[in-house]
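What follows is the residue order along each chain.
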Amino acid sequence: MSVEGEQRTIRCLVAKVGLDGHDRGAHVIARAFRDAGFEVIYSGLHNAPDEIVQAAVQEDVDVLGISILSGAHGTLVPKVIEGLEEYGAMDDTLLIVGGVIPDDDKAELEELGVAEVFGPGTELETTIEFVRENVRDRR
Amino acid sequence: MTEKSAGEVEPGREPPGSTVATAEPEFDVDALVENLLAGEHRALARAITYIEDRTPGYRQLVGELHEHTGDASVVGITGSPGTGKSTLVDKLALEYRDRGETVGVIAVDPASPFTGGAVLGDRIRMGSTVGDMDVFVRSMSARGALGGLAAATADAVRALDAFGKDRIIIETVGAGQNEIDVVRTADTVAVLVQPGAGDDVQMLKAGILEIADCFVVNKADLDGANRTVQELTEMLQLERDVDPIVQTGHHGAEEVEDSRSDTEDNQDEAADNGDGEWRTPVVETVATHGEGVDAVIEAFDDHRNFLADSGALADRARSRYAEEIRTLLREDLGTLLEAEIEDRGGIEALARDVHRRETNPYTVADELLDPIRDCVAENRD
């Protein structure tokens, strides 16, 4: 009945973790999310896992997208997950990872709680659709 | 506790047209308030989300938080894009933390009017205090919320205040009325300018000059900084001479004489001179290096003390609340009337009748309003 709240604005944090400096992918995703009507908070480069956790908690984002191209996902992503759990934020944050992730590692990350891993060549539309369909109901 | 919170609904007596005000909360309001007051960051973050989304229940939430507010000092920072607002805010937060105070920041960025999407980038510049949870940074977009951004910002400030933040900073691009309304939520408003912005200074005349309690010339290590400071100072001087009442705010014209006579002596004194007039200071900073941040904080504190001493702090707060009440009532009545309009076949049908000369807009409005009028009259003692 009321006009408000019909379609909740999806908030995303697009984050670069660790030392890798390749942020083209993150920029492209941030822009695509913005054009899809999401609110995107971009972290900038070279964030430590606890910085990402702090931003995700304070901004209360629906989606946390981590872009990693350094190969350090095996250490960094678990630390982010740990941090989110500490604040009780893991359950209703949709965690997705983008970058070059080997298949074996992909399975491992998903085991840990990553909702999906998007590799090179993924259509932007695919990622946006995934977010729309899987964003957690938080009420 | 208030006896009747705004959205309380007596069971089985749901009024016609379920408005936001009357809708059942979609979350556990009491638990959230309790957790927020207990200092849980996640609860604070979620409270602000509900406020932004206007999730049913947010009114009760804000209502319950209100009594716990009033202790924070609230500063608004505005200026053109690229003047260094986020960088300054970052350094201010750092300095406050060094002094042992906790900080809340609300950074407002524009949203696309077409998709509603936004990239909120202020956080990138706020690296100094990263890892310190006692600096709570929240990005908000100027989404096309009904009633507007200003209301949502004011409520988010309430949440930060109730949470116990000592200092709250609102940052926004000084681009339009919407943004000006936002910084007005603050007790003290600082306008950021960068050197060589001759045209900017011209632009300031229209609107922003009046709301500035403090000017900050950032990037003061660049050429032309002195000149910008000088231009601003001259402009402020001119403004005072032309219309002293604008500057005196709540004080009457009888004080004009006094303030004029000792203007000379007080040229370099920016703060209150005991003549009841606030002299807008111009402070120079190099925010990237943290230079001048002390002076900015001093200017903020001077202004707040001035407001407190002159009674204007309370005046400002009261006029803000008055405006808030009016806005809420307009919004709620609007929603109620929308429901009435729907009930009578919708606005299209009514407009068609008017077009066919079967009735006229005034009659339609009266017909819609009369039952409400009667109802109000009946319930009044």
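Cut-off values and rules
Residues numbered from 1 in each chain as written. Chains lettered and ligands numbered in written order. Predicted model: local features only at pLDDT ≥ 70, side-chain atom pairs only at ≥ 80, totals over all residues. Helix = DSSP H or I, 4+ residues; strand = E, 2+ residues; numbered from the N terminus. Buried ≥ 20, exposed ≤ 12 C-beta atoms within 10 Å, placed from the backbone. Contact = placed C-beta atoms within 7 Å. Rg over C-alpha atoms; globule rule 2.2 N^0.38 Å. Nonpolar A, V, L, I, M, F, W, Y, C, P; charged D, E, K, R; others polar. Pairing = 2+ DSSP bridges. Axes fitted to C-alpha atoms, helices over the stretch in contact; angles between N-to-C directions. Parallel < 35°, antiparallel > 145°, perpendicular 65-115°, else oblique. pLDDT = per-residue confidence, 0-100.

Trainee: Where do I start with the overall build of chain B in this structure?
Mentor: Scanning chain B for helices and strands turns up 15 helices and eight strands. Residues counted as buried form 41% of the 381 residues belonging to chain B. At a minimum sequence separation of 6, the contacts of chain B that also span at least 24 residues come to 72%.

Trainee: How should the overall build of chain A be read in this particular structure?
Mentor: In terms of regular secondary structure, chain A is built from five helices and five strands. Walking chain A from its N terminus toward its C terminus, one meets helices and strands in the order β-α-β-α-β-α-β-α-β-α. Since a compact globule built from 139 residues should have a radius of gyration of about 14 Å, the 14 Å found for chain A is in line with a globular shape. Dimensions of chain A, computed from C-alpha atoms along their principal axes, come out at roughly 50 × 35 × 25 Å. Looking at chain A as a whole, 46% of its 139 residues qualify as buried. Restricting the contact set of chain A to residue pairs at least 6 apart, pairs at least 24 apart contribute 71%.

Trainee: Help me understand the interface of chain B and chain A in this model?
Mentor: The extent of an interface is frequently quoted as the accessible surface area lost upon association of the parts. Across the contact, 34 residues belong to chain B and 32 residues belong to chain A. Looking at the side of chain B that touches chain A, the elements that each hand over two or more residues are α2 (41-53), β3 (118-120) and β4 (135-141) of chain B. With seven residues, α2(B) is the largest single contributor of residues to the side of chain B that touches chain A. For the side of chain B that touches chain A, the class distribution of residues is 13 nonpolar, 13 polar and eight charged. Pairing analysis gives three bridges linking strand β2 (residues 39-42) of chain A to β3(B), with the strands arranged parallel. Each residue of the ladder has a partner; that of A:E39, found in β3(B), is B:A118.

Trainee: Please explain the packing of helix α4 (residues 85-98) of chain B against helix α12 (residues 293-310) of chain B as it appears in this structure.
Mentor: Residues and elements named next belong to chain B. The contact between α4 and α12 brings their axes to 10 Å, and the two run at 80 degrees. The orientation of α4 with respect to α12, classified from their angle, is roughly perpendicular. Residue-level inspection shows K91, L92 and E95 of α4 in contact with α12, the latter providing V293, V296 and I297. The residue makeup of the contact of α4 with α12, split by class, is four nonpolar, no polar and two charged.

Trainee: Any chance you could explain the pairing of strand β1 (residues 73-79) of chain B here in plain terms?
Mentor: Side chains on a regular strand alternate between the two faces of the sheet. Residue and element names in this part refer to chain B. Summarising burial for β1: seven of the seven residues are buried, a large majority. Judged by which residues are buried, β1 turns out to be covered on both faces: S73, V75, I77 and G79 on one side and V74, G76 and T78 on the other are all buried. Relative to strand β5 (residues 167-173), β1 runs parallel, the two being bridged by seven bridges. Considered in β5, the bridge of G79 is made with V173. Taken together, the five bridges between β1 and strand β6 (residues 188-193) define a ladder with parallel strand orientation. Each residue of the ladder has a partner; that of T78, found in β6, is V191.

Trainee: It is not clear to me how the confidence of the model for chain B should be interpreted in this structure. Could you clarify?
Mentor: As a general rule, the predicted coordinates of low-pLDDT regions are not to be interpreted in detail. Residue and element names in this part refer to chain B. Predicted confidence across chain B gives a mean pLDDT of 80, with 78% of residues reaching 70 or more. Here residues 1-20 is modelled with pLDDT under 50, and outside its nearest four sequence neighbours on either side it reaches 31 contacts, counting other chains as well. Scored below 50 in pLDDT, residues 246-272 shows 32 contacts in the model against residues more than four places distant or in partner chains. Taken over the whole predicted complex, pTM reads 0.80, whereas the ipTM for its chain interfaces reads 0.86.

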